[in-house]
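Results of the structural survey
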Amino acid sequence: MTATSPAETSPTAASENPAILDVRGLWKVFGPRAADVPGSPLAELSRAELKERTGCVAAVRDASFSVRRGEVFVVMGLSGSGKSTLVRCLTRLVEPTAGEIVLDGTDIRRAADKQLRDLRRHRFAMVFQHFGLLPHRRVLDNIAYGLEIQGVKKAPRYSRATEMLDLVGLTGYADSYPDQLSGGMQQRVGLARALAGDPEVLFFDEPFSALDPLIRRDMQNEVIRLHREVGKTMVFITHDLGEALRLGDRILVMRDGALVQTGTPDEVVGAPADDYVREFVRDVSRSHVLTLRWIMRPPEAGDALDGPELGPDVVIKEAVPTVLRADRPVRVVADGELLGVVGAAEVLEVIAE
Amino acid sequence: MVTSQVTAPVPARRPVWTRPYLLAGILAAWLVLWLIFRGQATLPLGGAELTPLHERIGAAADVIDDSRNENPLFLYFVNYIRLFIDQFVTFVQALISAPSFGRPVPVVGWLGVTGIATAVAVLYANLRVALLTAAGFASFGLLGLWRESMDTLALTLAAVVLSLAVGIPLGVWAGLSDRFERLAGPVLDFMQTMPTFVYLAPLTLFFLIGPASATVATMIYAIPPAIRITSHAIREVPPETVEAGASLGSTPWQLLAKVRLPLAKRTIIVGVNQTIMAALSMATIAALIDAPGLGKTVLKALETLDVGTSFNAGLAIVIMAIVLDRVTSAAGRRVETARRAGRARRPLWRRVQVTAVLAATAVLVYLSHVYVWAAVFPGEAGLGSHVRRAADAASQWAQANLYTYTNALKNVVTYGLLNPFEAVLTGSPWWLVLLVVTAAALVLTTVRVAVVCAACLALLVALGLWQDGMVTLAATLVATVLVMALGVVTGVWMGRDGRADRVIRPILDAGQTMPAFVYLVPILGLFGATRFTAIIAAVVYAAPVAIKLVADGVRGVPVSAVEAATAAGSSPWQVISKVQLPMARRAVALAANQGLIYVLAMVVVGGLVGAGALGYDVVSGFSQLQLRGKGLAAGLAIVVLGTMLAALTKAAARRADAAAHGRL
């Protein structure tokens, strides 16, 4: 726990972009008279106390965050932490109890039925844990489902669906039925179906937890590739820390329905907000996630300042050869300004943990 | 010091007055008091005697009869329903069974009907089932029962169409709305557990004797499975698939039409199958209120003890049941395979096939519409007379040669079980029975159930049918004891032996799809018209359910528990008595509950074949106008008895469940 330097200003690619999705004070309470809980003294109670006192379960408690355009925003938590309910609230598959959800200026919570349907048809789409495919329809008809219910004619909807089929790498499976495909392929169909309506935001609800580990890695790469190719904003739910660190531009950690921490992967690993998160990220090899910014120190008198130069966002693991080969500290430089230096001692300390 | 360490905590000694002792005490006291008070306050009532209550009920029925053309409820509601259903049934009959539209023959003759049925089987089921269908329909003609079979089919189809038109939408509603499901549940329970014969008489009050009453009775019996299974099918659709549909912006209608219904289709077809079987079974029973068809043939033959004729018609009912069952279940399987495998057959080939089948059917229908030979089944019942004679001969042979055995069985059950039960129940003063049953209910179950029992028995007294009620109760208890003996023995055997299960289960399934009337025929042939015949009919009707429940319960005992007992050196008998039956006791209790309800459902049928008592009261209420009040009261008495017995066994089942989980 050496690195405590706050990395508030770490310039990630997405941070310059404005927010596309703004969530303010979102609550979801299940149980009798659930609407009375948010805003009342009851809201201060812990989950267990609330359950004891009123019989209500607060699945999401006072969640506020914003998702920036084009980023992959990961919501992470153990089962029962409320993350699936949270994502369902964002699409109003589950009706939130309180709070507001603003997508690009439109308040989703205020949308009437028809407006909500339009939002779902054109603005966002969702990928599900158990795929949710229709077993009685061909793969192509599954992908085209969203267009079909919008009343798109057969020819354009099939041509769009075929495009999506190619995009997710299932060329040639158009006439198969879902039950004839493996789990990974079924999820590709789910992905293609979500992409078919050309939404601005994609929601993923633990999309790969039902798959075995090798396929899971494949699919994660697929998401990274798609993100690069189509550049959609993605909100990604997972309970798998490795997946969160791999995919996320930013990570939101949830526990018992409440937000614990929001930050970039290196912030979550390098500066856990509390013991819960600390425990969570304990087994992560920090050198794979943290950047030089986290271990650099101010130059001291006697440091030779003519060593090799590296940027502050270089991951430690990748800096190791340079640092160890150099016989003097590596200078961490951004925009021509010297931020600090990193020597063998700092690097070895992180690796040796 | 040392001793206090070794001494185990002394288990609390169970009090001497545990439930079994208490119960034995109550029964002993009953027998003693029976000896003392025998014959007093037994409230007998002769066959033609009426109580003032019966007369009042009869008068009320007359009032309803008279107000048929004045009361607004009738004028603007009931009469329209009756007219509509009558017209609908008459229309279906005109198509396939009755002379119509000024023609001496129906619109479609035997060749056309057989062609349509076979075409449906080819298109929705498979070739083998289609052959079975063709053979089945031909056999109706060969047995000399074409007209009767078509009447039954017309009534069944009309009732099925109406039942599904009501049942599927309600089922979808129940599947979507928890509140409606909670509301509908108890109503459906009541519709299904009420003995079918009981509501025939009240129905005729509102819908008159004829097709409308028969159809409504059939619908009451056939709608519950349609609603239940449709609701279950809708609820079975994976929630995530529905969410996926919603997340893409489906409207509620699109969700229903494109996601929920297609995914629920296969299960809904199971519901259609159940509805058809229930409707067929009830359509034959509706003969009691003058519904036309095979049931009427059986009923008339039963009344004159004509075994041959009733067997012949019974055979036609069984054939119809098998054909309808096979076609619908094959159609259900076909939906499933089509969904799983993707349409394996090429659409073009399918289209050619459909066109060919439809064309052939159209030709057959045209021929049967135009030519007499294709309209009226040729030949005067060639096969029918043979079947009749063979059945008569078999019955006579059995009565002559098996008499020793059948009579021995009859005597053992009659003198060993039935007479003692009946003597104690009918010989005790009514207040004694009421006291004993309430006390036993208190010991065995809860205060609430005891109160229900006391109220039911008091109601029986008030209905003026105490003694008939006790005779029926005795027969019901004897039949249930036999059902449970059969159920436990066969059920344990099936549960332990997979091969036995594979052999016996299809027989039980067939037994359950067969309409209740059909059992009576061979049993009547063997045992003649006695109380015992009624009991055996009830046992045959109720045993399949009980056996299956016990078998499934025994099979459900975890393998590890049985293996552990075997590894500890238990003998097979010890495994059964100490592991399998105790662990399956919830299933056994449920089997007793269902067995009782099924036995009770046959009480009225028993009245037809010599059981007397409440069943006979109901039947004579149908046929004699002056006994109508008594018949209605007897129907009510059967419901009262059923309510009491169901409450008792249900509570016992709950107790068994609680005991099995160590909560007692």
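Just so it is clear, the model here is predicted, and its values are computed rather than measured.

Parameters and conventions
- Residues numbered from 1 in each chain as written.
- Chains lettered and ligands numbered in written order.
- Predicted model: local features only at pLDDT ≥ 70, side-chain atom pairs only at ≥ 80, totals over all residues.
- Heavy atoms only, no water.
- Helix = DSSP H or I, 4+ residues; strand = E, 2+ residues; numbered from the N terminus.
- Contact = heavy atoms within 4.5 Å.
- Areas by Shrake-Rupley, 256 points an atom, 1.4 Å probe, with all protein chains shown as cover.
- Lys, Arg positive; Asp, Glu negative; His and termini not counted.
- Charge placed at Lys NZ, Arg CZ, Asp CG, Glu CD.
- Buried area = accessible area lost by both parts, 1.4 Å probe.
- Salt bridge = Lys/Arg side-chain N within 4 Å of Asp/Glu carboxyl O.
- Pairing = 2+ DSSP bridges.
- Core = buried A, V, L, I, M, F, W, Y, C linked by side-chain atoms within 4.5 Å.
- Buried < 20%, exposed > 50% of the residue type's maximum accessible area, 1.4 Å probe, protein only.
- pLDDT = per-residue confidence, 0-100.
- Domains from an automatic or database assignment.
- Polar contact = N/O pair within 3.5 Å; in protein donor to acceptor, adjacent residues only side chain to side chain.
- Nonpolar A, V, L, I, M, F, W, Y, C, P; charged D, E, K, R; others polar.
- Expected span 1.5 Å × (residues − 1).
- Bend = angle between axes of the 7 residues up to and from the residue.
- Axes fitted to C-alpha atoms, helices over the stretch in contact; angles between N-to-C directions.
- Parallel < 35°, antiparallel > 145°, perpendicular 65-115°, else oblique.
- Left-handed = near helix turned anticlockwise from the far one by under 90°.
- Right-handed = clockwise from strand over helix to strand, strands pointing away.
- Phe/Tyr/Trp six-rings, centres within 6.5 Å; stacked < 30°, edge-to-face > 60°.
- Lys NZ or Arg CZ within 6 Å of the ring centre and 35° of its normal.

**Quick word on the overall build of chain B**
Regarding its fold elements, chain B presents 30 helices and 0 strands. Principal axes of the C-alpha set define a box for chain B whose edges measure 100 × 65 × 60 Å. Long-range contacts, defined as pairs at least 24 residues apart, comprise 79% of the intrachain contacts of chain B with a sequence gap of at least 6. Accessible area for chain B stands at about 31100 Å²; split by element, carbon and sulfur atoms hold 69% of it. Between the mean site of the 50 positive side-chain charges and the mean site of the 31 negative ones, chain B shows a separation of 10 Å.

**Looking at the interface of chain A and chain B**
Listed per partner, the contact involves 25 residues of chain A and 22 residues of chain B. When chain A packs against chain B, the two sides together hide about 2200 Å² of surface, and 54% of this comes from carbon and sulfur. Scanning the region where chain A abuts chain B turns up 2 salt bridges. K258 of chain B serves as the salt-bridge partner of E148 of chain A, at 2.4 Å between the closest nitrogen and oxygen.

**Topic: the sheet that holds strand β12 (residues 330–334) of chain A**
Residue and element names in this part refer to chain A. The sheet built from 3 strands is open, its strands ordered β11-β12-β13 with mixed pairing. If you trace the sheet from one side to the other, it starts and ends with β11 (309–310) and β13 (337–342), each paired once. Alignment of β12 against β13, held across 5 bridges, turns out to be antiparallel. Each residue of the ladder has a partner; that of R331, found in β13, is V341.

**As for the nonpolar core**
In terms of nonpolar packing, the biggest core is built from 175 residues, with F137 and L200 of chain B touching the most fellow members. Those residues within four positions of F137 of chain B in sequence are excluded, and the remaining contacts are V113, T114, A117, W146, M150, L153 and V323 of chain B. Listed in part, the 64 residues of the second largest apolar core include L140, A244, L245 and I295 of chain A.

**Quick look at the confidence of the model for chain A**
Per-residue pLDDT for chain A has a mean of 85; in total, 95% of the residues score no lower than 70. This model gives residues 1–15 of chain A a pLDDT under 50, and the stretch forms 24 contacts once residues within four places in sequence are excluded.

**Considerations on the pattern of salt bridges**
Residues and elements named next belong to chain A. Under the defined criterion, the tally for this structure stands at 39 salt bridges over all chains. Between D22 and R24 there is a salt bridge whose closest N-O contact spans 2.8 Å. With a closest N to O distance of 2.6 Å, R328 and D306 form a salt bridge. With R328 in the loop between α13 (316–325) and β12 and D306 in the loop between α12 (286–289) and β11, this pair connects stretches of sequence that are 22 residues apart. Taken together, the salt bridges that share partners define one network made up of R69, D104, R123 and E200.

**With respect to the domain arrangement of chain A**
Think of interface size as the accessible area that goes away when the parts come together; that is how it is often given. Residue and element names in this part refer to chain A. When its domains are assigned, chain A resolves into domain 1 (13–18 + 68–96 + 109–284) and domain 2 (288–352). In this structure, domain 1 and domain 2 have C-alpha centres spaced 37 Å apart. Every contact between the two is made by 8 residues of domain 1 and, on the other side, 4 residues of domain 2. Both faces considered, domain 1 and domain 2 share a buried interface measuring about 430 Å² in area, 82% of it formed by carbon and sulfur atoms. When residues of domain 1 are sorted by the area they lose upon contact with domain 2, D266, V269 and G270 head the list and together hold 70% of the total. Our count for the domain 1 to domain 2 interface comes out at 0 salt bridges. The interface formed by domain 1 and domain 2 contains 1 residue pair in polar contact (both at pLDDT 80 or more). Per-element accounting of the side of domain 1 that touches domain 2 gives the leading share, 5 residues, to helix α10 (residues 265–270). Across the side of domain 1 that touches domain 2, the residue classes break down as 5 nonpolar, 1 polar and 2 charged.

**Points about helix α7 (residues 146–176) of chain B**
With 31 residues, α7 of chain B extends 43 Å from end C-alpha to end C-alpha; this agrees with the ideal 45 Å at 1.5 Å per step. The largest bend in α7 of chain B amounts to roughly 25° and is located at L164 of chain B.

**Description of the packing of helix α11 (residues 239–247) of chain B against helix α12 (residues 252–285) of chain B**
All names here are of chain B. Following both chains from N to C, one finds α11 and α12 inclined at 165°, their axes separated by 10 Å at the closest point. In terms of orientation, α11 and α12 fall into the roughly antiparallel class. In the crossing of α11 with α12, the sense of the turn from one axis to the other is right-handed. Across from T241, V242, G245 and A246 in α11, the residues of α12 making contact are L255, V259, R260 and L263.

**Considering the packing of helix α4 (residues 72–96) of chain B against α7 of chain B**
Helix-helix packing is described using two parameters, namely the angle between the two axes and the distance between the axes. Residues and elements named next belong to chain B. Interhelical geometry of α4 versus α7 gives an angle of 135° and a closest axis separation of 9 Å. Classified by the interaxial angle, the pair formed by α4 and α7 is oblique. Here α4 and α7 pass one another in a crossing that is right-handed. Along its contact with α4, which presents F84, I85, F88, V89, V92, Q93 and I96, the element α7 presents W146, M150, D151, L153, A154, L155, A158, V161 and L162. Grouping the constituent residues of the contact of α4 with α7 by class yields 14 nonpolar, 1 polar and 1 charged.

**Comments concerning the environment of R388 of chain B**
Residue and element names in this part refer to chain B. Checked against the element boundaries, R388 lands in helix α17 (residues 382–401). Using a relative accessible area of 29% as the deciding quantity, one classes R388 as partly exposed. Dropping the residues within four chain positions of it, R388 is found in contact with G308, T309 and N312.

**Section: the pairing of β12 of chain A**
All names here are of chain A. Sheet analysis places β11 next to β12, joined by 2 bridges and oriented parallel. From the neighbouring strand, L310 faces β12, where its bridge partner is V332. Since β11 and β12 lie parallel, the crossover through α13 that links them has a hand, and here it is right-handed. Following β12, the chain reverses through 2 residues before pairing antiparallel with β13; D335 in that reversal takes a positive phi of roughly 50°.

**A few points about the packing of aromatic side chains**
The geometry of an aromatic ring pair comes down to the distance between the two centres and the angle between the two planes. Tallied over the full model, the rule gives 10 aromatic pairs over all chains. With a centroid separation of 6.3 Å and an interplanar angle of 5°, the aromatic rings of F84 of chain B and F88 of chain B are classed as stacked. A residue pair is termed a helical-turn pair when its members lie 3 or 4 positions apart in one helix, as F84 of chain B and F88 of chain B do in helix α4 at 4 residues. What makes F88 of chain B partly exposed here is its relative accessible area of 21%. Relative to F140 of chain B, the ring of F137 of chain B has its centre 5.3 Å away and its plane inclined at 65°; by these criteria the two rings are edge-to-face. Here the residue F137 of chain B and the residue F140 of chain B both occupy positions in helix α6 (residues 127–142), the gap between them amounting to 3 residues, near one helical turn. Accessibility classification places F137 of chain B together with F140 of chain B in one group, the buried group. Ring pairing ties together the aromatic residues F204, F208 and F236 of chain A, which thus form one cluster. In this structure, R157 of chain A packs its charged tip against the face of Y158 of chain A, placed 5.5 Å from the ring centre.

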